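Okay, here's what each chain looks like letter by letter:
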Amino acid sequence: NNTFCHYPFQELTLKMWNNEGKLTQCSPCCMMMNESLQGVDVSILHKKTPQEIFQSKPWNQLRKDMLTNVRTPACQICWDFEDNVKTSFRLFSVPITNEEAKNPKLKTIDITLSNVCNLRCRMCDTTSSNQINKDFDILERQGTRNEMFQITSSFDKKTKPKQQHKSKQFKWLM
C-alpha cells in the first residue's frame, strides 16, 4: 500500500530525554523525532519499558494506519519528502513479510543515551549533539539563527547534556 513502512513493526527509537533522564518522546524511526515532530504520544512514557511502548495503543494505531493507507501526522517528514522530492526514508525501509506485519516483534532499539558528541553533523540538532551548541552561538552572534530555524526546524534552543542513565528504559536495557 501507499503508506506502509516497516519501522513501526519492528523498531523503536529512544532519543529524546529531559535533563533528569526521563524519556520524553519515542518513535519507530529517528526521522520522526525532532523539535517539530514529537514522535508517538504514549502516556507516562518514562514509566514504560521499550516492550510496553512497542505494544502500546498508540503504537498499534500507527501500525494499523500504515496498513490502511492513512497518512499519520507523526510521519509528516516522510510525506513532505515524498510530496516534494519523490523519495523518503520510508521508501528505503526493508520489506517485511505479511506474517511480520500481522505479528509485529520488537527487533531493533535505536537508542541515544546522551547528546554529548564530538561531532557537529549537519543532520543533527542540539538535542543530538552538544557540539552543535557552538553553531547555535555562532548563528546567534551573526543574527541568522532564526533564519536557520525557519529553514531546518533546528537551532531553536540550546540543549544541556542529559542524564539518560537514570531512566527506566536504560535500566531495562542493562
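Just so it is clear, the model here is predicted, and its values are computed rather than measured. Sequence order as written defines the numbering, with residues in each chain counted from 1. Thresholds applied to this predicted model are a pLDDT of at least 70 for local features of residues and 80 or more for the giving and counting of side-chain atom pairs; totals over whole chains, interfaces and linings are not thresholded and use all residues. The side-chain values count all of the structure's non-hydrogen atoms but skip hydrogen atoms and water molecules.

### Quick look at helix α4 (residues 76-84)
- All of the buried residues along α4 are Ile77, Cys78, Trp79 and Glu82.
- A run of H or I in DSSP counts as a helix once it spans at least four residues, and a run of E counts as a strand once it spans at least two, with each numbered from the N terminus. Backbone geometry just after α4 places Lys86 at a positive phi near 75°. Buried residues are those whose accessible area, probed at 1.4 Å on protein chains only, stays under 20% of the maximum for their type, while exposed residues exceed 50% and partly exposed ones sit between those limits.

### Quick look at unusual backbone geometry
- Here Asn69, not a glycine, exhibits a phi torsion of approximately 60°, which is positive.
- Here Asn69 shows up in the loop between α3 (57-67) and α4.
- One non-glycine residue, Lys86, adopts positive backbone phi at about 75°.
- Locating Lys86 in the fold gives a position in the loop between α4 and α5 (98-102).

### Thoughts on the sheet that holds strand β2 (residues 23-27)
- Strand order in the open sheet made by the three strands is β2-β1-β3, with mixed pairing throughout. The open sheet has two edge strands with one neighbour each: β2 and β3 (108-111). Put simply, the sheet's adjacent strands are angled 25° from each other on average, direction ignored.
- Relative to β2, strand β1 (residues 11-17) runs antiparallel, the two being bridged by three bridges. When the bridges of β2 are listed, Trp17 appears paired with Leu23. At least two DSSP bridges between two strands are needed for those strands to be called paired. Note on method: axes are straight lines fitted to C-alpha atoms, helices fitted across the in-contact stretch only, with angles between N-to-C directions ranging 0 to 180 degrees.

### As for the nonpolar core
- Core analysis: the largest hydrophobic core is formed by 12 residues, namely Cys5, Tyr7, Phe9, Cys29, Met32, Leu62, Met66, Ala74, Cys75, Trp79, Ile96 and Ala101.
- Of all the secondary-structure elements, those providing two or more residues to this core are α1 (7-10) and α3.
- In what follows, a contact means two residues having at least one pair of non-hydrogen atoms within 4.5 Å. With sequence-adjacent residues up to four places away left out, Cys5 is seen in contact with Met66, Arg90 and Ser93.
- Ranked by size, the runner-up nonpolar core spans 10 residues in total, among them Leu12, Trp17, Leu23 and Cys26. Here, the term nonpolar core denotes a set of buried Ala, Val, Leu, Ile, Met, Phe, Trp, Tyr and Cys residues that are joined through side-chain atoms within 4.5 Å.

Purely spatial values, then, with no claim about function.
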